[in-house]
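# Examination of the molecular architecture
Take a look at the letters that make up each chain.
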Amino acid sequence: MADEPGPAERDLYLTAVRLGGRLRPDDLAPEDRPALAALVARGLITPTATGWAAANPRSLGDRLGVELRSRAVRLLRHAEQLPDRLAPLARAYDTVRSPVGRLGPGRPGDSDRPVGRLRETVSCAGGVAVRRRIAELLADCREEFLSAQTGPRPLDGLRAALPEDLAVLRRGCAVRALYQPVALADRPVLRQIELRVRGGARARVLTEPYERLLVFDRTTAVIPAVEERAGAVFLDDPATVRYLVARFERDWARATPLDRHLGPPHPTTARVGRLLAQGLTQRAIGARLDLSERTVAAHIARLRERHGARTLFHLGWRMRDADDA
C-alpha cells in the first residue's frame, strides 16, 4: 500500500467530511468498497455501530512521518555500512586484478597473448560491458577524473549518469571535461553539463579535433578501440597514461571555458566574486556566506575559468572591473 491515499480514497474521505464526518451504508456505491477498505486500513475511516466515521488525518500524517523517518534512518545506516560489508569482496577483486591484461574476447589466437600493461579491451553490442567497466572505475575514483568527450552527447546517457557524476564531485574529486561545440547545440544537453559544473566540475570547449579520452586518478586511461569504435581499451601503463594526460592538458590549455556559454553565473558564485572584488580572503568569504573554504575554493575556480584569470589577484582585479562596468 502506498504511503498516501490515492484519488479514489481522497474523494471518498472528502465525501464523508461533507456528510458531517460520517458515512452510512446507503451513502456508498459498490465501486466505493475498495476505497473504503483502504481508508479503514489506513485509519482515516473507523467503523461505528451505524456505519463509518472520518478520523483526523493529522494522526495518520504523524504516524507515517515517524515510520518514514525510521525507514530513512535504517536506509542511511545501511548505506554507511555497505562499503564495509563489501570491503572483503573488493579486496578479493583487487588481488586477482592483474596489471597485465589480455585482448578482448572473441578473437581467435589472442586469448593467451600478453600485451604488456594493456589492461583489457572491452567490446559488446550496445556498449553495456564498456559502460559497466567505466562505472566501476568511476566508483573507485578518489582524486581526479579527466574526460575528453567528442561529438554530440546523448541526453539519456547524461541524465542516467548524473547521480554518479555528482557523487564523484561530492567525494571531493577534481573533475575536468572537454566538449566539442556540437555538444552545446542541444539546450537540454547543455543543461545537463551545467548541472555538473554547478556541482563543482570544470568544463571547456575545444574547436580543434581531438580523440575521446577518460582518465581516472591518473592511473587508468580509457580510449576507443582502434578496430571497433564501440569498444574501449583500458590502459594502466604509467608512461602511456602520463602521455595521454599531457595531451589532455595541452588540449585543456587551448580550450574555451564553458562558463562563457552558460549565461549568468550561479548566484552564490556571483556573491563570492563580489566579496573577492572587495578584498576579502577566502576564509572571510566562507564566514560571510556560511560556506566551507573548500566550497568557496570551488566557486573561485569557476570564476577563474569564466574570466580567464591566471591568479587569485588577477581574478579579484577582473571582478572589480566587472562591478565597475
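Quick notes on the rules
- Residues numbered from 1 in each chain as written.
- Predicted model: local features only at pLDDT ≥ 70, side-chain atom pairs only at ≥ 80, totals over all residues.
- Heavy atoms only, no water.
- Helix = DSSP H or I, 4+ residues; strand = E, 2+ residues; numbered from the N terminus.
- Buried < 20%, exposed > 50% of the residue type's maximum accessible area, 1.4 Å probe, protein only.
- Disulfide = S-S within 2.5 Å.
- Arc of directions from axis to C-beta.
- Axes fitted to C-alpha atoms, helices over the stretch in contact; angles between N-to-C directions.
- Parallel < 35°, antiparallel > 145°, perpendicular 65-115°, else oblique.
- Contact = heavy atoms within 4.5 Å.
- Nonpolar A, V, L, I, M, F, W, Y, C, P; charged D, E, K, R; others polar.
- Pairing = 2+ DSSP bridges.

### Comments concerning the environment of Gly-20
As for its placement among the helices and strands, Gly-20 is situated in the loop between α1 (7-18) and β1 (22-23). Assessed through its relative accessible area of 65%, Gly-20 is described here as exposed.

### Quick word on the state of the cysteines
Taken as a whole, this structure holds zero disulfides when the rule is applied. The structure places no disulfide on Cys-141, whose sulfur is separated from the nearest cysteine sulfur, that of Cys-173, by 4.1 Å. Judged by its relative accessible area of 1%, Cys-141 is buried.

### Describing helix α9 (residues 282-289)
Every buried residue belonging to α9 is among Ile-285, Gly-286 and Leu-289, and all of these are buried. All buried residues of α9 fall inside an arc of 100 degrees around its axis, so they share one side. Opposite the buried face of α9, at more than 90 degrees from it, the exposed residues are Arg-283, Ala-287 and Arg-288. In the stretch just after α9, Asp-290 is the one whose phi turns positive, near 60 degrees.

### Focus on the packing of α1 against helix α2 (residues 33-42)
Remark: α1 packs on α2, axes separated minimally by 9 Å, with the N-to-C direction vectors making an angle of 80 degrees. Between α1 and α2, the interaxial angle falls into the category roughly perpendicular. Taking contact as the criterion, the partners of Ala-8, Glu-9, Leu-12 and Tyr-13 in α1 are, on α2, Ala-35, Leu-36, Ala-38, Leu-39 and Arg-42. Residues belonging to the contact of α1 with α2 are distributed by class as follows: seven nonpolar, no polar and two charged.

### A closer look at the sheet that holds strand β2 (residues 45-47)
The sheet built from three strands is open, its strands ordered β1-β3-β2 with antiparallel pairing. For this open sheet the edge positions go to β1 and β2, each flanked by a neighbour on one side alone. With three bridges joining them, β2 and strand β3 (residues 52-54) adopt antiparallel strand pairing. Its bridge partner being in β3, Thr-46 is matched across the sheet by Ala-53.

### Describing the environment of Arg-22
Along the chain, Arg-22 falls in strand β1. Take Arg-22: its relative accessible area is 49%, and that puts it in the partly exposed class. A C-alpha to C-alpha distance of 9.1 Å links Arg-22 and Thr-48, two positions 26 residues apart in sequence. Excluding its chain neighbours within four sequence positions, the residues that come into contact with Arg-22 are Ala-16, Asp-27, Thr-48, Trp-52 and Ala-53.

### Notes on the pairing of strand β10 (residues 232-235)
Residues Ala-232 and Phe-234 of β10 are buried on one face, and the alternating residues Val-233 and Leu-235, pointing to the opposite face, are buried as well. Pairing of strand β9 (residues 220-224) with β10, which is carried by four bridges, proceeds in the antiparallel orientation. Each residue of the ladder has a partner; that of Ala-221, found in β10, is Leu-235.

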